[in-house]
Amino acid sequence: MLATYLLKRLVQLIAVSFLISVIVFMLVHLLPGDPSVTILGPNDTPQNRAILLHQLGLNKPLVQQYATWLGQVFHGSLGQSYLTHQQVTQIIGQGAPVDVELIVLSQLIAFAVAIPLALVTSRRPNRAVDRTATTTTFGLLALPPFVLAPILVAVFAVGLGWFPATGTVPISQNLATNLHDMILPSLALAVGSIAVYYRLLRSDLIATLQEDFITSARAKGLHPRRVMLRHALRPSTFSLLAAAGVNIGSLLAGAFIVESLFAINGIGLALVDAVEQRDYLVVQGIALVIAVAYVVIQFVVDFIFTVVDPRVARG
Amino acid sequence: MSPRRHTVDAFPDADELSDPLLQVTDLTTAFRTPRGTVRAVDGVSLSVRRGTTVGVVGESGSGKTVLSRSIMGLLPPHGVERSGTVTFAGRDLTAMSAKELRSVWGLQIAMIFQDPMTALNPVKRVGAQITESLRLHLGMDRGEARQTAAALLESVGIPSPEKRLRAYPSQLSGGMRQRVMIAIALACGPRLVLADEPTTGLDVTIQAQILDLLGQLQDERHMTMILVTHDLGVVATRADEIVVMYAGKVVERAPTATLFADPKMPYTRALMDSIPRLADPSGTRLATIAGRPPELIDPPAGCRFAPRCPWAQDRCRTSEPPLRTAGSEAHTFACWYPLTNGRPSVPVTHDGVAP
């Protein structure tokens, strides 16, 4: 039954990815302007522009352009940049690892803070600790990364000098330095997640703790810590998991703010540059990869649901 | 392999035979709510002799579930006030620390919960829920605990126990789940079992099976039991003694045969009249008790049953009847105008329950 469930989700995943590829393609071509302006400069003749567009295949009907592009995609090529002639796959290959690292670190920080905090406060809701945590996280929720990042830089980089304000070395070069450099960017990205995760888990835990099976677990003489970790936590993680799935997906696209503030060369920055230059194939390639990654994450979350609660796969 | 083998008796008793295993004295349990303090259990005393079954009977809201949780000390951590003493095997449970209590829960005293649909953790396998207390209290290793759990499932009448250990509660029927609950409760060989409406959520045919199973296991394992129910019919053949509760108080207590032969309190009589009888012609309407139990935030003065009692007199509404004995020490009741062999000594004053 689990296999059927996952197969169903896999078919959905493929269908959604296809739809996304169409939408991405359409959106890119809806943007005013075209790459000829960036390549030839604003003052070239219309004739030269037409020749260039013909060479790039951009004068053909959109459907035909899409078919050509999709054919390439199936052959594992996302094309190359009109401007730098770099392979799109190569651009993604260079930028993606740092994004993945940024997101993984930020989520580890978020879970490491949110889960213990929720476990502690949900046992005694509306007490001092709970009120403080709830108010603080609510405040943090109102702080977007582009506000928080400069504050973090001002305090921890410029003021205390604990971390560099910008830049990082590749993870392959020096792991320790890399991790150290990534702390502030990850933290800037994590704060919003902490607030959301904490609040969702806290309220689900409070509800779970009212359940009869918690009383029956206590009646066995289990230590309260074991009751929380082994009986209450797992059935309380549904909202948390669902939110994490959506959140990680949007971080993929949203990390570029943090990237640009901390001068980290991820695919977010590459995407923004490509949009400005109407470098269609780069935009399409990156957007497609982000979209598919988003869908894959949802798929993974769905799978985790079936592990957390066996009733999901059967229901 | 019997799990009793592992039981460590932490409570050596001075006088095994004559002392009651459980002695509850003047137990009061009150919940603080925004609307006021609710005294769900109000000055309850009872004692349970070793190896016997005491039935605690009352309508929903009579405080019987809170009583059983309060005896065990299994109450919400906040917003509850409890007074009185609960002496179990010579030790006062109300004076124990949380840690000491946990060493009693599951090992010495176990509880069977009302609703097996909600009292089992839906995301844990049945096996893990049984082995948990075996490993905690009896220090078994994984393999030993698993074998014992399978034996327990077999003893509660679950076929192919090895397979069931791997099942999740949602894969089992209601009756099967209640059997699992019983297996969990009996895992460490407790001396006292508190069964809180163990059959209420089940089909009638399954109810009898579960009650018979409980009785059989009780005999085999020499357990003492408190059977909490709203159904006097359930305890009629299974309890040695019956305690009738109304609005948080004990209103009558007697050996089962005595209670059925000579109920003193009109409420007890009303509960009896609501048991269906095979001898009744078909189509006979069951007697019901008009009205509802009183609010426990501000209980009525006098006898709490007076507003619903067909024989209530002025005195009943102003002054609360104390518990007194009827004939023997074993039979106590709280009523100003007790029944004699089920018959009233005063005329009907309003049409509550027509006798």
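Just so you know, these numbers come straight off a predicted model, no measurement behind them.

### Examining the overall build of chain B
Secondary structure summary: chain B contains eleven helices and twelve strands in total. What you see for chain B is a C-alpha radius of gyration of 21 Å, in line with the 20 Å of a compact globule of 355 residues. Projected onto its principal axes, the C-alpha positions of chain B cover 65 × 50 × 45 Å. With 355 residues in all, chain B has 45% of them scored as buried.

### Thoughts on unusual backbone geometry
All names here are of chain B. The backbone phi angle of Ser160 is positive, close to 35°, even though this residue is not glycine. In this structure, Ser160 sits in the loop between α4 (142–155) and α5 (161–165). The phi dihedral of His222 is positive, around 55°, even though this residue is not glycine. You can see His222 is positioned in the loop between α7 (204–221) and β8 (224–229). We classify His222 as exposed; it has 11 C-beta atoms within 10 Å.

### Quick notes on the domain arrangement of chain B
Residues and elements named next belong to chain B. Once the domains are mapped, chain B shows domain 1 (3–8 + 20–245) and domain 2 (247–276 + 285–333). Between domain 1 and domain 2, the C-alpha centre-to-centre distance is 27 Å. Contacts between the two partners involve 26 residues from domain 1 and, on the opposite side, 21 residues from domain 2. Contributions of two or more residues to the side of domain 1 that touches domain 2 are made by β2 (36–48), α8 (232–236) and β9 (241–246). Here the side of domain 1 that touches domain 2 takes ten residues from β2, the largest share from any one element. Of the residues in the side of domain 1 that touches domain 2, the class split is 13 nonpolar, seven polar and six charged.

### Let's talk about the environment of Gly245(A)
All names here are of chain A. In this fold, Gly245 is placed in helix α11 (residues 238–262). Between the alpha carbons of Gly245 and Asp302 there is a distance of 9.0 Å; along the sequence they are 57 residues apart. In contact with Gly245, other than residues within four places in its own chain, are Ile297, Gln298 and Val301.

### Looking at the environment of Glu101(A)
Residue and element names in this part refer to chain A. Locating Glu101 in the fold gives a position in helix α5 (residues 88–123). Linking Glu101 and Ser186, residues 85 residues apart in sequence, is a C-alpha distance of 8.7 Å. Every residue in contact with Glu101, bar those within four places of it in the chain, is listed here: Ile171 and Met182.

### Thoughts on the nonpolar core
Residues and elements named next belong to chain B. Ala183, Val244 and Val251 are the most contacted members of the largest nonpolar core, which has 100 residues in total. At eight residues, the largest contribution of residues to this core is made by helix α6 (residues 174–186). Here this core gathers at least three residues from each of two domains, domain 1 (3–8 + 20–245) and domain 2 (247–276 + 285–333). Those residues in contact with Ala183, other than ones at most four positions away along the chain, are Ile130, Leu152, Leu153 and Val156.

### Overview of the sheet that holds β2(B)
Residues and elements named next belong to chain B. The strand order β2-β1-β4-β5 describes an open sheet built from four strands, whose pairing is antiparallel. The outermost strands of the open sheet, each flanked by one partner alone, are β2 and β5 (91–92). In this sheet, strand β4 (residues 80–88) lies alongside strand β1 (residues 22–33) in antiparallel orientation, the contact comprising eight bridges. Bridging from a neighbouring strand, Phe31 pairs with Val80 of β4. Sheet strands in contact with helix α1 (residues 64–72) are β1, β2 and β4, and its direction is about 70° off that of β2.

What counts as what
- Residues numbered from 1 in each chain as written.
- Chains lettered and ligands numbered in written order.
- Predicted model: local features only at pLDDT ≥ 70, side-chain atom pairs only at ≥ 80, totals over all residues.
- Helix = DSSP H or I, 4+ residues; strand = E, 2+ residues; numbered from the N terminus.
- Rg over C-alpha atoms; globule rule 2.2 N^0.38 Å.
- Buried ≥ 20, exposed ≤ 12 C-beta atoms within 10 Å, placed from the backbone.
- Domains from an automatic or database assignment.
- Contact = placed C-beta atoms within 7 Å.
- Nonpolar A, V, L, I, M, F, W, Y, C, P; charged D, E, K, R; others polar.
- Core = buried A, V, L, I, M, F, W, Y, C linked by C-beta atoms within 7 Å.
- Pairing = 2+ DSSP bridges.
- Axes fitted to C-alpha atoms, helices over the stretch in contact; angles between N-to-C directions.

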